[in-house]
Amino acid sequence: MGAGVAGLRAAIELAGHGDVLVVTKESLSESNTHYAQGGIAAAMEGDEDIVLHLGDTVAAGDGLVWRPAAQALVSEGPLRVAELIEWGTRFDREGGKPSGQLLRTREAAHSRPRILHANGDATGAEISRSLVAFARTHPRIRFAEWTMVISLVVADGRVVAADLASASPHSGKINPYRVNTRSVLIAAGGAGQVYSDTTNPEVATGDGIALAALAGAQLADMEFYQFHPTAFFFPGAPRFLLSETLRGEGAWLVNDRGQRFMERYHPLLELAPRDVVARAITREGMGEAPGETRPVYLDMRPVKNVDLRRRFPGISAFLAQYGLALDRDLIPIRPAAHYLMGGIKTDLAGRSSLPGLYAAGEAACTGVHGANRLASNSLLEGLVFGTRAAQSMLADALPMGSAATRETFPAPLSATEEAHVESLIARLRKSMWEYAGLLREESTVRLGLASRQACASGLEEIARQGRESRRLAEAQAMSRVADAILASALARTESRGAHFRNDFPQRDDENFQKHSIFSGDGKVAFEKW
Ligand SMILES: Cc1cc2nc3c(=O)[nH]c(=O)nc-3n(C[C@H](O)[C@H](O)[C@H](O)COP(=O)(O)OP(=O)(O)OC[C@H]3O[C@@H](n4cnc5c(N)ncnc54)[C@H](O)[C@@H]3O)c2cc1C
């Protein structure tokens, strides 16, 4: 399930051993992977670099990185990246020549420049392009585009089949059908759409995480949502990501008085960990009255020795649409929901707590990011753990499921019902931003839970009448994911990494140096890994 970096890498690993069906909700290029800009972190300089990369990953995770997972990430990463290059990924090189040295940049909280990039600021699109092209050379991989997984079928304690449906925007009917499986890999990405302000594309509605929870799999660390500090903030414009590599190249952050403010928040200034920078921008952007905001800007003008249009062609072209240029203007920014550190709890080999169900990439939680992801570690995570999950699917060699064919054939929603679903989604997203965003406290999270409950009841009422549609399925997924985020945020009465509680502003290792486990019944437990 999913054709981002994790799903495609897994499919390639599996293809030598049997038939693989890659299901993706829109076209093969519509994924978070496709939009990744800055790059992929890889310690290509040998053992010392691997040790440093491990140290940076553990430090960013604020006491909660599961070391064996991080060790696997940094030590297997270089091999997985070398494979990518062999399969046709063209990273940027010195002099623009194929024989030139790989160019590396630095991002926040990395102790050395180790971020490889492609086409300047379009790394994800290049990785996605090359993986799709390579996967297409395997005759046993089939692609089902504009198709969505809408449920997992569990029998005798394991996943035996998945229900698929049309996700085409052109047909109201979703025409569900059942596919028997040996095993299902959820590589369906994150859930940024749960928040009204997000850098994620519209497909990122957390479907995989919600389906896994509904089928009985455990989720972990769902309170840890990373908010990217610098999303474009301009009336009528999307929350386009302004990559961290801009700050890596020397950009400043300034408030509406023209002051560079990060020195008041962290010694690493603009390259402090993401959560610190995001909260600093939020605080600098608060006005006098409650709810009032003041502009905050990214300032690239002090950077003199870089050809900005060449180094950041995608970002420059995007900004030009709004009459802005990196070398001339202050660029208005604000944080936006970006990356889910939590997800479907897996072991080191991608196995979820439910037999027959595996997870990798942003949908999974291996503990590799702890409470805060180190920049550019997620594309790498997709490669490393996509491969590992595929290898365990092969090793487990489960027999083919034999579920009965689907017997319910839902009716489409009326136009009024679809409009009602849209309004429920909009309310949910807004309340998640307001009540479970960068700064949380018990009272706001409880308001969020009440608002999410109202949304869930509205959706249930429509579903009870035997109706199904793509947006209804996505709304149900977002509602379930929101429930897990809110319940986990309420239970963690401390501040750590991306989770900040105004009412518990300190880190509390004695009680909470543990991972939260959400089991689908609204209850949250904490366990040490
Ligand atoms: C703007 C932006 C910039 C980023 N920049 C970087 C960066 O520079 N470096 C970095 O390391 N990370 C970056 N990230 C994060 C990184 O891109 C993602 O974490 C990573 O690509 C996730 O890969 P994935 O394979 O897990 O999921 P995705 O790439 O999100 O793929 C998910 C797939 O699942 C499919 N899907 C979803 N629901 C269903 C369903 N119901 N049925 C069937 N298919 C479904 C989608 O269609 C898609 O194909 C960025 C993210 C964004 C949004």
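For the structure, see preceding data.
Residues numbered from 1 in each chain as written. Predicted model: local features only at pLDDT ≥ 70, side-chain atom pairs only at ≥ 80, totals over all residues. Heavy atoms only, no water.

*Asks:* Please clarify how the nonpolar core should be interpreted in this entry.
*Replies:* If you look at the biggest cluster of nonpolar residues, it comprises 59 residues, and the most contacted ones within it are Leu152, Ile186, Val194, Tyr195 and Leu357. Sorting elements by how many residues they give to this core places helix 14 (residues 470-491) first, with 12 residues. When neighbours within four sequence positions are excluded, Leu357 is seen to be in contact with Leu152, Val159, Val184, Ile186, Ala212, Ala217, Gly350, Arg351 and Ser352. Ala6, Trp87, Leu116 and Met393 belong to the second-largest nonpolar core, a separate cluster that totals 49 residues. (Core = buried A, V, L, I, M, F, W, Y, C linked by side-chain atoms within 4.5 Å. Buried < 20%, exposed > 50% of the residue type's maximum accessible area, 1.4 Å probe, protein only. Helix = DSSP H or I, 4+ residues; strand = E, 2+ residues; numbered from the N terminus. Contact = heavy atoms within 4.5 Å.)

*Asks:* Any chance you could explain the packing of aromatic side chains here in plain terms?
*Replies:* How two aromatic rings sit relative to each other is set out by the distance from centre to centre and by the angle between their planes. Following the criterion strictly, the structure yields 15 aromatic pairs and no others. Ring geometry for Phe261 and Tyr265: centres 6.1 Å apart, planes at 85°, overall edge-to-face. In this structure an aromatic cluster arises from ring pairing among Phe232, Phe234, Phe240, Phe318 and Tyr322. The cationic tip of Arg283 hangs over the ring face of Phe500; the distance from NZ or CZ to the ring centre is 5.4 Å. The ring of Tyr339 is capped by Arg373, whose NZ or CZ atom sits 4.4 Å from the centre of that ring. (Phe/Tyr/Trp six-rings, centres within 6.5 Å; stacked < 30°, edge-to-face > 60°. Lys NZ or Arg CZ within 6 Å of the ring centre and 35° of its normal.)

*Asks:* Is there a simple way to think about the side chain of Asp221 in this case?
*Replies:* Relative to the helices and strands, Asp221 resides in the loop between strand 10 (219-220) and strand 11 (225-232). Summary of buried charges: Asp221 has no salt-bridge partner, and the nearest side chain of opposite charge, Arg492, is 4.3 Å away. A polar contact is formed between the side chain of Asp221 and the side chain of His515, at a distance of 2.7 Å. Among all residues touching Asp221, those that are not within four sequence positions of it are Leu64, Gly342, Cys365, Arg492, His515 and Ser516. (Lys, Arg positive; Asp, Glu negative; His and termini not counted. Salt bridge = Lys/Arg side-chain N within 4 Å of Asp/Glu carboxyl O. Polar contact = N/O pair within 3.5 Å; in protein donor to acceptor, adjacent residues only side chain to side chain.)

*Asks:* What exactly am I supposed to notice about the site of the ligand here?
*Replies:* Every one of the 37 residues lining the ligand counts as a neighbour, but Thr33, Gly39, Asp207, Glu362 and Ser378 are closest to it. At 3.0 Å from a nitrogen atom of the ligand is found a main-chain nitrogen or oxygen belonging to Val149. Between the ligand and Arg373, the relevant distance is 3.3 Å, taken from a nitrogen atom to a side-chain nitrogen or oxygen of the residue. Here the ligand has 1000 Å² of accessible area as a free molecule, and 98% of this is covered by the chains. (Near = heavy atom within 4 Å. Areas by Shrake-Rupley, 256 points an atom, 1.4 Å probe, with all protein chains shown as cover.)

*Asks:* Can you help me understand the environment of Gly386 in this one?
*Replies:* With respect to the helices and strands, Gly386 occurs in helix 11 (residues 378-396). Gly386 gets classed as buried once you look at its relative accessible area, which sits at 0%. Between the C-alpha atom of Gly386 and that of Gly361, which follows or precedes it by 25 residues, the distance is 6.6 Å. Apart from residues lying up to four places away in sequence, Gly386 is in contact with Ala6, Ala10, Ala360 and Glu381.

*Asks:* How should I be thinking about helix 5 (residues 123-136) in this particular structure?
*Replies:* The periodicity of an α-helix, 3.6 residues per turn, causes residues three or four places apart in sequence to face the same way. Taking 1.5 Å per residue, 14 residues should reach 20 Å; helix 5 reaches 20 Å between its end C-alpha atoms and fits that length. Along helix 5, the positions that sit buried rather than exposed are Thr123, Gly124, Glu126, Ile127, Ser128, Ser130, Leu131, Val132 and Ala135. (Expected span 1.5 Å × (residues − 1).)

*Asks:* Honestly, the environment of Leu211 in this entry has me stumped. Any pointers?
*Replies:* Its location among the elements puts Leu211 in helix 6 (residues 207-215). We classify Leu211 as buried; its relative accessible area is 9%. Remark: the alpha-carbon pair of Leu211 and Ile344, spanning 133 residues in sequence, is separated by 9.9 Å. The residues touching Leu211, leaving out its near neighbours within four places in the chain, are Met1, Val149, Ile150, Ser151 and Leu152.

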